[in-house]
Amino acid sequence: MAGAVLVAIAASIGNLLQGWDNATIAGAVLYIKKEFNLQSEPLIEGLIVAMSLIGATVITTFSGAVADSVGRRPMLIASAVLYFVSGLVMLWSPSVYVLLLARLIDGFGIGLAVTLVPLYISETAPTDIRGLLNTLPQFSGSGGMFLSYCMVFGMSLMPQPDWRIMLGVLSIPSLIYFALTVFYLPESPRWLVSKGRMAEAKRVLQGLRGREDVSGEMALLVEGLGVGKDTTIEEYIIGPDDELADEGLAPDPEKIKLYGPEEGLSWVARPVRGQSALGSALGLISRHGSMVSQGKPLVDPVVTLFGSVHEKMPEIMGSMRSTLFPNFGSMFSVAEQQQAKADWDAESQREGDDYGSDHGGDDIEDSLQSPLISRQATSMEGKEIAAPHGSIMGAVGRGSGLMQGGEAVSSMGIGGGWQLAWKWTEREGADGEKEGGFQRIYLHEEGVTGDRRGSILSLPGGDVPPGGEFVQAAALVSQPALYSKELMEQRLAGPAMVHPSEAVSKGPKWADLFEPGVKHALFVGIGIQILQQFAGINGVLYYTPQILEQAGVGVLLSNIGLSSSSASILISGLTTLLMLPSIGIAMRLMDMSGRRFLLLATIPILIVALAILVLVNVVNVGTMVHASLSTISVILYFCFFVMGFGPIPNILCAEIFPTTVRGICIAICALTFWIGDIIVTYTLPVMLNAIGLAGVFGIYAVVCMIAFLFVFMKVPETKGMPLEVITEFFSVGAKQKEATD
């Protein structure tokens, strides 16, 4: 995974520049207001800082739609250019008005980076380390702040500190960022798939994953183009073909056969129709079509549903996790009797058969009539069914034939313990004719407690022989993303799937924003962004030197001859330095303990730190004690903030939306972020003058209490889940919530 890690590090430099700018303006404003005589004009002082936030807000309003149209990489390149130009203009700045213009341009660059870097990393990172890599922007931002504070502190010791140089230095690292975005960063493979550029997406994925076989993930990216509208949850018992065979059992017309990549390697899956063996929210939905609160009536059903996936899985007897799931057959394996192999991108020239394209080999990937994924023949009730033009079917391995009355399924691993599978089902229509349907399945192994092990042996038709090996799996079953009823009506043999580029040509699906799952995800994303901002972090960061100076930190360093301004800048730099190991801990825990756990564990510390700040500013505890407690509390606040509330809102917003509307939805959440940032930053000087530090931190403490309740009731755990599965869960959970309201 070295490729994905290096790409994430390079992309996060955009956040390093944001952190650099935040710290530089926090120190430089001490000298800017002296030159322009702004000591008695806190509103103008606030505007100098907030102008970059205004720029970020303006560009965020359309950045998501533009990123969905032209790609993620061009927007990151534009961000680097804007950073560079703003640094040059700030270096010049003959007047406060030119400075305000430079800060506006700087805000444009910041807005693009903050909005799109988490999105870009989420779309390129492997599922198992997505949280770790998406914490890199927070680490880079804090690292940039520390380096900037070191520079500003050094310059503050000079006889005449030059704030223009402080701000203009930004152009140097922005050049490095520009070079990386142009010459190193690839385009997001998910965006490429959404535009039908399959060959390029495959090459990018191969570079990111460091392996040639990326078939499973490519199929997953195609499935991610849909928005779950009819997803249902089912429950299966899966075991080796010889274990769950029909020996002594009554025939089961609903059984499904899973085929492996090697001849003779197969399993049988049987739907569980009786009492659920899983005992989780997944099992409850699959059995009853609804979900109970499980003793937590205030908790959102979506949270309960996600939590059921992360319940500790006991060691079940004869678990086949190491034998069954890693060996599910790839849908790209081709039967031995096939005459030619079909690649995902269909770039090889096809001649002399029914799969030939009207286009040349160079542009065949844009041919809507060429096979999207593969072509093969599979036996269906004794009939040979060939994948038609523009169709997608799972290759079920050598000698693959359907069991009598059963269904054929192929599957592959997609990360986080999930498997992607497809099945072809048939039913008798009202006119007596058989109707076919193609369904996509996301499978996830589940465990049961010891006292429930016996219940899973009871399957429709009889009992499994003792000592058998089996796996219980919850399944998200839905219509494939690119399923085409229009093509099916042309009476093509098999399930017909349109090419992604054809779907894209129809324009953005704005109606998807009103799907229950998307609306619910927007509520979570917007809510957590609002609460993050009104917890006061950005206002505190921008004005850390002044806040600490007002708190009396100059007393702590007066004996070494530092001025109050230099002392406050030094304390800010040391505070930022302490953030880095805290973020390192968060990076380690993000994919182990999870996002939700970190939020619930760190927000109470924020409340305590803010309460101490209120106390020392209300009670007269002496100058030295006041300065010491204030400094310790601010450090605690920052360190625990960057472990949870700092990176996680952006991580969540980059994970919970479908591919087709991800850019737009993230832009909506980012717009909320910047509006809140402007309000907090612009009003902080006024609030400090009006109600003092005690009042300001008291408000922040109340917001943190509200945030804790919001996270507990509304924010689900998304660790270790593919992005496409996350969106399906939001769809199912939102519909369950609507059903119970």
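Thresholds applied
- Residues numbered from 1 in each chain as written.
- Predicted model: local features only at pLDDT ≥ 70, side-chain atom pairs only at ≥ 80, totals over all residues.
- Heavy atoms only, no water.
- UniProt positions renumbered as here; feature names shortened; annotations may be inferred.
- Helix = DSSP H or I, 4+ residues; strand = E, 2+ residues; numbered from the N terminus.
- Buried < 20%, exposed > 50% of the residue type's maximum accessible area, 1.4 Å probe, protein only.
- Contact = heavy atoms within 4.5 Å.
- Areas by Shrake-Rupley, 256 points an atom, 1.4 Å probe, with all protein chains shown as cover.
- Axes fitted to C-alpha atoms, helices over the stretch in contact; angles between N-to-C directions.
- Parallel < 35°, antiparallel > 145°, perpendicular 65-115°, else oblique.
- Nonpolar A, V, L, I, M, F, W, Y, C, P; charged D, E, K, R; others polar.
- Patch = residues over 30% accessible without salt bridge, like charges linked within 9 Å, V, L, I, M, F, W, Y side chains within 5 Å.
- Salt bridge = Lys/Arg side-chain N within 4 Å of Asp/Glu carboxyl O.
- pLDDT = per-residue confidence, 0-100.
- Pairing = 2+ DSSP bridges.
- Core = buried A, V, L, I, M, F, W, Y, C linked by side-chain atoms within 4.5 Å.
- Expected span 1.5 Å × (residues − 1).
- Phe/Tyr/Trp six-rings, centres within 6.5 Å; stacked < 30°, edge-to-face > 60°.

- An unreviewed UniProt entry annotates the chain as Major facilitator superfamily (MFS) profile domain-containing protein of Leersia perrieri.
- Note on the chain: under the UniProt heading Subcellular location (unreviewed entry), the record states "Vacuole membrane".
- Here the chain is described in UniProt, under the heading Sequence similarities (unreviewed entry), as follows: "Belongs to the major facilitator superfamily. Sugar transporter (TC 2.A.1.1) family."

## Describing the overall build of the chain
Turning to step 1, where the next piece is worked out: For the chain, the count of helices and strands is 26 helices and 11 strands.
Turning to step 2, where the next piece is worked out: Every one of the 741 residues in the chain was classed for burial, and the buried ones make up 60%.
Turning to step 3, where the next piece is worked out: Taking all contacts inside the chain whose residues are at least 6 apart in sequence as the whole, residues at least 24 apart take part in 78%.
Turning to step 4, where the next piece is worked out: On the chain, roughly 27800 Å² of surface is accessible, and the fraction owed to carbon and sulfur atoms is 60%.

## Topic: the packing of helix α17 (residues 516-534) against helix α26 (residues 723-740)
Turning to step 1, where the next piece is worked out: In the contact formed by α17 and α26, the axes pass within 7 Å of each other and the chain directions differ by 95°. The angle between α17 and α26 falls in the class roughly perpendicular. Seen from α17, the contacting residues are Pro516, Gly517, His520, Ala521 and Val524; seen from α26, they are Phe730, Ser731, Ala734, Lys735, Lys737 and Glu738.
Turning to step 2, where the next piece is worked out: Considering only residue class, the contact of α17 with α26 consists of five nonpolar, three polar and three charged.

## Here's the deal with a nonpolar patch on the surface
Turning to step 1, where the next piece is worked out: There is a patch of nonpolar side chains on the surface, built from Leu615, Val618, Val619, Val621, Val625 and Leu629 and spanning about 470 Å² of accessible area.
Turning to step 2, where the next piece is worked out: Those elements that provide at least two residues to the nonpolar patch are α22 (595-618) and α23 (623-641).
Turning to step 3, where the next piece is worked out: With respect to the helices and strands, the residue Leu629 is situated in helix α23.

## Some points on the confidence of the model for the chain
Turning to step 1, where the next piece is worked out: The predicted model of the chain has a mean per-residue pLDDT of 74, with 67% of residues at 70 or higher.
Turning to step 2, where the next piece is worked out: A low-confidence stretch, residues 312-411 stays under pLDDT 50, and its non-local contacts, those more than four residues away or across chains, total 257 contacts.
Turning to step 3, where the next piece is worked out: In the model, residues 448-467 has pLDDT below 50 throughout and makes 40 contacts with residues more than four positions away in sequence or in other chains.

## Section: the pairing of strand β1 (residues 232-240)
Turning to step 1, where the next piece is worked out: Buried residues dominate β1, accounting for eight of its nine residues.
Turning to step 2, where the next piece is worked out: Direction of pairing for β1 relative to strand β11 (residues 471-478): antiparallel, over a ladder of seven bridges. Bridging from a neighbouring strand, Thr232 pairs with Val477 of β11.

## What to know about the nonpolar core
Turning to step 1, where the next piece is worked out: Within the largest apolar cluster, 153 residues are counted, with the highest numbers of intra-cluster contacts made by Trp418, Tyr637, Phe645, Phe657 and Phe729.
Turning to step 2, where the next piece is worked out: A total of 20 residues in this core trace back to one element, the largest contributor, which is helix α25 (residues 662-714).
Turning to step 3, where the next piece is worked out: Contact partners of Tyr637, with chain neighbours within four places excluded, come to Ala535, Gly536, Ile537, Leu606, Ala609 and Leu610.
Turning to step 4, where the next piece is worked out: Counting residues in hydrophobic clusters, the runner-up holds 10 residues, among them Ala421, Ile441, Leu443 and Ala475.

## Describing helix α7 (residues 136-156)
Turning to step 1, where the next piece is worked out: Here α7 spans 30 Å end to end across 21 residues, near enough to the 30 Å set by a 1.5 Å rise per residue.
Turning to step 2, where the next piece is worked out: Among the 21 residues in α7, 17 count as buried, and that is most of the element.

## A few points about the packing of aromatic side chains
Turning to step 1, where the next piece is worked out: The final tally for this structure, using the stated rule, is 10 aromatic pairs.
Turning to step 2, where the next piece is worked out: Residues Phe306 and Phe729 carry aromatic rings whose centres are separated by 5.3 Å and whose planes lie at 50° to one another, so their mutual orientation is tilted. One end of the pair, Phe306, is in helix α14 (residues 301-309); the other, Phe729, is in helix α26, and 423 residues separate them in sequence.
Turning to step 3, where the next piece is worked out: Of the residues examined, Phe306 reaches a relative accessible area of 0% and is grouped as buried.
Turning to step 4, where the next piece is worked out: Here the aromatic residues Phe306, Trp418, Phe729 and Phe730 are joined through ring pairs into a cluster of three or more.

## Details of the side chain of Thr659
Turning to step 1, where the next piece is worked out: When you line up the elements, Thr659 lands in the loop between α24 (648-653) and α25.
Turning to step 2, where the next piece is worked out: Classification of Thr659 by relative accessible area gives buried; the value is 6%.
Turning to step 3, where the next piece is worked out: Setting aside chain neighbours within four positions, we find Thr659 in contact with Arg190, Ser194, Gly224, Leu225 and Glu724.

## Looking at the pattern of salt bridges
Turning to step 1, where the next piece is worked out: The tally for this structure, following the rule as stated, stands at 15 salt bridges.
Turning to step 2, where the next piece is worked out: Measuring nitrogen to oxygen at the nearest pair gives 2.8 Å for the salt bridge that ties Arg72 to Glu123. In this pair, Arg72 is assigned in helix α4 (residues 72-92) and Glu123 in helix α5 (residues 96-124), connecting sequence segments 51 residues apart. As far as burial versus exposure is concerned, Arg72 and Glu123 are alike and both buried.
Turning to step 3, where the next piece is worked out: Within the structure, one salt-bridge network assembled from shared partners comprises Asp68, Arg72, Glu123 and Arg662.

## Some thoughts on the environment of Leu420
Turning to step 1, where the next piece is worked out: Looking at the element boundaries, Leu420 is found in strand β7 (residues 418-428).
Turning to step 2, where the next piece is worked out: Considering only alpha carbons, one finds Leu420 and Gly216, 204 residues apart in sequence, at a separation of 7.6 Å.

## A few points about the packing of helix α1 (residues 2-11) against α5
Turning to step 1, where the next piece is worked out: For the pair α1 and α5, interaxial distance at closest approach is 10 Å and the crossing angle is 175°. As far as their axial angle goes, α5 and α1 are roughly antiparallel. Judged by residue contacts, Ala4, Val7, Ala8 and Ala11 of α1 engage Val117, Tyr120, Ile121 and Thr124 from α5.
Turning to step 2, where the next piece is worked out: Across the contact of α1 with α5, the residue classes break down as seven nonpolar, one polar and no charged.

## Some remarks on α26
Turning to step 1, where the next piece is worked out: A rise of 1.5 Å per residue sets the reference length of α26, with its 18 residues, at 26 Å; its end C-alpha atoms lie 26 Å apart and thus fit the reference within 8%.
Turning to step 2, where the next piece is worked out: The buried fraction of α26 amounts to 13 of the 18 residues, a majority that puts the element mostly inside the structure.

## Comments concerning unusual backbone geometry
Turning to step 1, where the next piece is worked out: At Ser93, a position not held by glycine, the phi torsion is positive, near 25°.
Turning to step 2, where the next piece is worked out: Tracing the backbone shows Ser93 in the loop between α4 and α5.

## So, the environment of Glu235
Turning to step 1, where the next piece is worked out: Mapped onto the elements of the fold, Glu235 is located in strand β1.
Turning to step 2, where the next piece is worked out: The spacing of Glu235 and Ala475 is 240 residues in sequence and 5.9 Å in space, taken between C-alpha atoms.

## Considering the environment of Ile32
Turning to step 1, where the next piece is worked out: Counting through the fold element by element, Ile32 comes out in helix α2 (residues 13-35).
Turning to step 2, where the next piece is worked out: We classify Ile32 as buried; its relative accessible area is 0%.
Turning to step 3, where the next piece is worked out: Separated by 131 residues in the primary sequence, Ile32 and Trp163 have C-alpha atoms spaced 6.7 Å apart.
Turning to step 4, where the next piece is worked out: Other than its neighbours up to four places away in sequence, Ile32 contacts Ile25, Ile48, Leu99, Trp163 and Leu167.

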